[in-house]
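Fold and geometry: a report
This is what each chain is made of:
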Amino acid sequence: MATYIQIDPTQKLEPFKSVKKLPLEEYFTSGHRTCQGCESALVMKMMAKAAGPRSIILGSTGCMYVANTTYYSTSWVVPWMHTQLGSSGSAALGTSAALKVLMRKGKIKNEPINVIAFCGDGGGADMGVGAISATLTHAEYNSLILMYDNESYANTDIQLSGSTPWGANTTFSSPGKMKRIMHRRWKKNMAGMMAAGHPECKYVATICMSYGLHGMNSIRKALAIGGPTFIHSLDPCPKGWDYDPYLSHEMGELAVNSGVWPLYEVENGVLRLTGRTEQIAAGKIRRVPVRDYLLKQGRFAHFTNDDIDYFQSKVDDMWEKWLIPGVIPFRKDVEADPPPAN
Amino acid sequence: MATATYVEEQRSIDKTALITGSEAIAVACKLADVDVITAYPIRPYDTVMQYICKLVANGEMDCEYIVAEGEHSQFEIVKHACACGARVFCGSSGVGWMYAMEALTVTPALRIPMVAMVGNRALDDPGAFGVEHNDALAVRDLGWQLVWVDNAQEALDTALIAYRVSEDRRIFLPCAISCDGAFLTHSQALVKIPSQEKVNQFLPRYNRADLLLHPDNPITVAPQGNEDWVMEIRRQNYAAMERSSLVLKEAYADFDRIFGRSYGNPFFEEYETDDADIVLMGMGTLSTPVKVAIRQMRKEGKRVGFVRMRWFRPFAAAELAKSLGRFQAVGVIDRDYSFGSPYMSGVLTTEVRTALYSAAGPKPPVLGFIAGLGGREVTVPDVQRVADSVYQAADGKSQPLTQWIGLRE
Amino acid sequence: MSYTELTVWTRGIIMDKEGRDIVNSVSASARREGKHAQAMENYVDNPDRTNAPTRKYCRISDEVLENELTYENEHPNIVVLVEGTMVKGWDYMRGMPPGGTLIINTHYSPEYMLRFVPGPERLAQLVCVDAAHLAHHKWLYYRLGELGLDRLSTEGAAERSKLIAPDIAAPLIAAVVKSTGIVKMETILPMIANKNAFEMALSEMKIMQFNPVAV
Ligand SMILES: Cc1ncc(C[n+]2csc(CCOP(=O)(O)OP(=O)(O)O)c2C)c(N)n1
Ligand code: SF4
Ligand SMILES: [Mg+2]
């Protein structure tokens with residue numbers, strides 16, 4: 001059969017074996033002024049480390065732009081360029097297209113260069129979802145779009161986005177005397193949507209940098225596999241989620257262990273649950289109640305028991321009633337097709 | 001002298017073709033060896049992308065031809081490609097251009113030498129296909145170089161000049177070439193297509209130099225600034241736009257030398273102005289009915305001339321004021337509107353008045369006329385009515401400062 | 001004519017409201033006393049980020065303020081550090097004219113803290129007040145983050161608490177007012193929520209006096 005899609009060679013990025021074997025070089029260094037305990041900043045650092053020096057990184061407006069690149073004190077060692085809030089998809093596509101054609105025409109040296117465009121949940125799951133979706137259909141352009149999800153428009157002082165969990169207190173959904181729950185939308189299933197909707201996209205994954213090695217190896221896989229890829233990272237944000245910065249790591253673990261944040265990857269169309277999520281699905285460990293996760297965060301401090309129960313029931317649905325638990329929200333017909341008893 | 005130019009011109013010609021304004025620009029893109037092109041459908045500009053698609057499919061052109069999912073992405077994709085050293089082309093019309101507005105804003109600010117085609121089209125609502133200039137004019141303050149052409153040959157030539165000027169390291173600003181919807185984008189004319197060899201001689205390769213985004217040049221582009229540095233950055237854009245007039249003149253002179261085709265004054269074209277009492281002004285294909293009307297009026301002994309603004313940004317204020325000072329009155333026909341502007345005039349009228357106000361020489365009265373909106377034809381009698389009013393003003397008789405022409409009774 | 005600038009250095013989110021409370025209450029008191037006063041935040045330090053430094057300003061004058069639209073206080077007469085470790089790492093003394101006052105929230109003595117102050121010759125007094133202790137936040141010495149009292153209130157638009165100075169701002173305001181006399185005790189006290197901490201600070205604060213010289 002003829003080959004219709006020309007994918008240029010990518011860098012060979014073997015998985016890191018252990019934290020101790022990570023390279024020492026940093027490509028995202030000092031100069032930023034993110035929050036103490038900012039997990040998104042950690043994602044930037046790990047992402048740059050995973051990608052290495054022959055990379056171009058594009059970043060859409062948000063905390064990771066405004067707090068990271070003050071004029072004259074950039075934290076980026078690799079080439080970096082700002083892109084507009086909803087443009088991470090276009091930035092990845094344009095940069096990758098330029099490299100491809102310039103190399104083909106011999107206008108620049110022919111070598112694999114990583115292209116990463118990152119965006120926040122506001123820039124990605126809300127404003128930029130169209131452009132990201134389009135880029136994931138352009139199978140011949142190598143790039144990674146990484147959505148760092150701190151579950152709010154954080155840079156503008158914590159406003160709710162389509163990726164903010166139900167009921168959370170943000171500056172656009174602060175509870176009042178008459179209305180306790182001002183945010184009544186359920187969080188978008190962004191990674192699932194990207195995986196299900198873009199059959200040509202070879203790699204989609206969810207990560208959480210509380211599991212750093214796993215996150216970095218996902219990024220390396222996404223860059224090495226070829227074509228456009230998408231990673232959705234859940235990043236605890238001490239300012240927006242309202243908890244003590246020293247709890248950031250634990251908050252990420254709780255999100256995974258409570259089942260709120262399933263870890264999985266879809267590689268060449270094959271779905272694999274990863275990390276702790278795999279163990280939960282296999283019944284090796286039990287899900288922690290979401291109460292433990294929610295009540296550690298000030299943004300849910302106004303929740304009543306009913307609210308917590310509702311939240312728990314929605315998470316239970318995700319695990320018990322979804323066609324593919326945690327990934328695809330179509331209902332399987334539970335009554336007619338009970339899960340095998342074992 | 002004349003023969004020498006003729007011979008020179010012949011040598012540079014590959015062929016003469018009957019093509020539309022859109023196709024002429026597509027051919028210019030091919031000759032310029034553009035690297036990345038993004039398309040999105042909207043009439044009337046999108047014909048250019050249809051032609052380019054054919055060129056790519058036929059192997060006549062090697063570029064990344066990307067169909068975007070909206071104009072915002074369309075312009076953002078080429079913006080980023082250009083930052084990595086690719087020569088790019090893009091375009092839009094009417095509300096499509098407005099949909100891309102955020103990208104259009106940052107493009108000059110990032111010093112991206114993008115060349116775009118605007119197939120001028122009325123803005124919604126109501127939806128309308130016809131020409132109006134408000135789309136391209138919406139970016140007039142942002143650092144875009146803006147040019148209006150009135151025939152297919154000029155469209156092709158101007159596209160080559162646009163790449164040459166925009167990609168000059170002294171400039172690095174985008175350029176939008178406006179072609180009137182339907183009248184230019186969709187009508188054919190005989191166009192001389194220059195040889196590749198001459199084009200290569202005229203147009204050097206795009207060199208992003210110190211601003212290249214590449215691992216060998218690991219810069220941070222557009223870090224967050226505030227009151228500390230943003231003003232200096234704006235000032236650099238100001239200086240670039242200021243230099244643009246000079247670089248444009250150089251480019252037109254070289255164009256003449258290499259292709260043997262001269263456009264005279266690059267900024268505006270004068271028609272029958274040598275002995276004129278009054279002149280009319282306008283942009284784009286308006287020139288056709290105006291020139292016909294002038295020929296007729298001249299038969300009746302009315303000495304009317306015409307000044308067609310080619311470059312709207314940079315605006316050659318001093319030169320224009322000097323030229324207009326020769327006449328007794330000026331009538332500016334706007335194919336646009338600017339509701340609430342001084343004297344409720346159109347955009348071009350206001351700019352012409354501004355240019356004259358600070359000029360040293362004589363200042364003839366300037367009347368504004370709004371005509372041809374939504375693609376309505378500007379007829380020869382319309383132009384004659386405009387000229388009559390301008391003559392009245394020249395005689396010192398009071399005339400309204402803004403008049404709508406060709407409106408239904 | 002008398003003109004005074006007060007600059008408060010604080011840490012984003014965790015003590016942002018405290019910093020805002022200090023400048024707001026001082027400027028409100030000055031206005032009540034018939035002076036011209038203004039309180040504002042450093043616009044580009046906002047939106048603030050957890051523990052990143054942010055600045056708050058207050059200007060008081062007998063006459064109409066002519067520099068209302070200046071972003072920063074260029075010559076602060078009084079500088080307050082809402083969190084003690086801020087004494088290192090920033091030149092918060094920049095522009096201070098001789099005879100200034102520096103107030104630090106710390107349990108250390110002025111003699112000890114002096115060694116960290118850049119350009120201390122300009123000081124007329126260095127004041128240390130153990131505000132966290134006085135406001136009964138004893139554990140705060142160990143966990144800065146536990147100060148997270150009002151994270152979502154950044155930029156002041158949606159403050160959870162309408163109270164002014166319910167905790168560590170109160171002793172610091174007391175130190176400002178007592179050591180500099182910038183406003184009268186009677187005007188400011190009614191605004192303060194934590195009167196107990198305010199009054200204790202009046203007696204417990206440690207002041208070190210100097211003979212200031214111009215640099
Ligand atoms: C078109 C546009 N609209 C609004 C803004 C204002 N804005 C700047 S950053 C930001 C928040 C982005 O949120 P997100 O993408 O989630 O990133 P985060 O700040 O959370 O890191 C917003 C709304 C903008 N820069 N551009
Ligand atoms: S607000 Fe959240 S995302 Fe932004 S810097 Fe702070 S922790 Fe990081
Ligand atoms: Mg966000």
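Everything in this summary refers to the structure shown in the same document. (Residues numbered from 1 in each chain as written. Chains lettered and ligands numbered in written order. Predicted model: local features only at pLDDT ≥ 70, side-chain atom pairs only at ≥ 80, totals over all residues. Heavy atoms only, no water.)

A look at the packing of aromatic side chains
Two numbers describe a pair of aromatic rings. These are the distance of the centres and the angle of the planes. All names here are of chain B. Test applied: Classification of ring pairs rests on two measures: the distance between centres of Phe, Tyr or Trp rings, Trp counted by its six-membered ring, which must be within 6.5 Å, and the angle between planes, read as stacked under 30 degrees, edge-to-face over 60 and tilted in between. Put simply, DSSP marks the helices as runs of H or I at least four residues long and the strands as runs of E at least two long, and each gets a number from the N terminus on. Residue exposure (1.4 Å probe, protein chains only): buried if accessible area is under 20% of the type maximum, exposed if over 50%, otherwise partly exposed.
As enumerated under the stated definition, the model contains 31 aromatic pairs over all chains in all. Measuring from centroid to centroid gives 4.4 Å for Phe 255 and Phe 259, while their planes differ by 35°, and the two rings are tilted. Here Phe 255 and its partner Phe 259 are both found in helix H10 (residues 230-259), 4 residues apart, which amounts to about one turn of the helix. With relative accessibility at 0%, the residue Phe 259 sits in the buried group.

Notes on the sheet that holds strand S13 (residues 311-313) of chain B
Residues and elements named next belong to chain B. Here is the rule: DSSP-based pairing: two strands are paired if at least 2 bridges between them are found. Lines fitted to the C-alpha atoms define the axes, with helices restricted to the stretch that makes contact. Angles between their N-to-C directions range from 0 to 180 degrees. For this analysis, residues touch if any pair of their heavy atoms sits within 4.5 Å.
Strands sit in the order S3-S2-S4-S5-S7-S6-S13 across an open sheet of 7 strands; the sheet is mixed. The sheet terminates laterally at strand S3 (64-67) and S13, the two strands that pair on one side only. Strand-to-strand, the axes of this sheet are offset by a mean angle of 20°, without reference to chain direction. Direction of pairing for strand S2 (residues 36-39) relative to strand S4 (residues 88-92): parallel, over a ladder of 2 bridges. Residue pairing across strands places Ile 37 opposite Phe 89, the latter belonging to S4. Strand contacts of helix H8 (residues 152-166): S4, strand S5 (115-120), strand S6 (145-148), strand S7 (175-180) and S13, with the helix running at about 170° to S7, the strand carrying the most contacts.

What to know about the pattern of salt bridges
Residues and elements named next belong to chain C. Operational definition: When a carboxyl oxygen of Asp or Glu lies within 4 Å of a side-chain nitrogen of Lys or Arg, that pair is called a salt bridge.
This model, assessed by the stated rule, comprises 60 salt bridges over all chains. Linking Asp 21 and Lys 17 is a salt bridge whose minimum nitrogen-to-oxygen distance equals 3.2 Å. A residue pair is termed a helical-turn pair when its members lie 3 or 4 positions apart in one helix, as Asp 21 and Lys 17 do in helix H1 (residues 16-32) at 4 residues. By relative accessible area, Asp 21 is classed as buried at 4%.

Some details on the interface of chain B and chain A
For the record, the criterion: Two N or O atoms count as a polar contact when they lie within 3.5 Å, although within protein this holds only if one can serve as hydrogen donor and the other as acceptor, and sequence-adjacent residues are included solely when both atoms are side-chain atoms. Gly is placed with the polar residues, together with every amino acid not listed as nonpolar (Ala, Val, Leu, Ile, Met, Phe, Trp, Tyr, Cys and Pro) or charged (Asp, Glu, Lys and Arg).
Listed as interface residues are 40 residues of chain B and, on the opposing side, 44 residues of chain A. Connecting chain B to chain A are 7 salt bridges. Its salt-bridge partner being Lys 105 of chain A, residue Asp 35 of chain B comes within 2.8 Å of it at the nearest N-O pair. Linking chain B with chain A are 23 residue pairs in polar contact (both at pLDDT 80 or more). In terms of residue class, the side of chain B that touches chain A is built from 21 nonpolar, 9 polar and 10 charged. Pairing between strand S4 (residues 80-83) of chain A and strand S9 (residues 220-221) of chain B: 2 bridges, direction parallel. Considered in S9 of chain B, the bridge of Trp 80 of chain A is made with Thr 220 of chain B.

Looking at the packing of H1 of chain C against helix H4 (residues 169-180) of chain C
Residue and element names in this part refer to chain C. The following threshold applies: In what follows, roughly perpendicular refers to angles from 65 to 115 degrees, roughly parallel to angles under 35, roughly antiparallel to angles over 145, and oblique to any angle outside these ranges. Left-handed describes a crossing whose near helix is turned anticlockwise from the far helix through less than a right angle; right-handed describes the clockwise counterpart.
Look at H1 against H4: their axes get within 9 Å of each other, and the N-to-C directions meet at 40°. Considered as vectors, H1 and H4 are oriented oblique to each other. With respect to the hand of their crossing, H1 and H4 are arranged in right-handed fashion. Here Glu 18, Asp 21, Ile 22 and Ser 25 of H1 lie close against H4, whose contacting residues are Ala 169, Leu 172 and Ile 173. Residue composition of the contact of H1 with H4, grouped by class: 4 nonpolar, 1 polar and 2 charged.

Brief notes about the sheet that holds strand S1 (residues 3-11) of chain C
Residues and elements named next belong to chain C. Here 7 strands make up an open sheet; going across it, the order is S2-S3-S1-S4-S5-S6-S7 and the pairing mixed. With one partner strand each, in any of the chains shown, strand S2 (36-41) and strand S7 (206-209) form the two edges of the open sheet. Taking each pair of neighbouring strands and ignoring which way they run, the sheet shows an average axis angle of 15°. Along the sheet face, H1 touches S1, S2, strand S3 (53-61) and strand S4 (78-81) and points at about 5° away from the line of S3.

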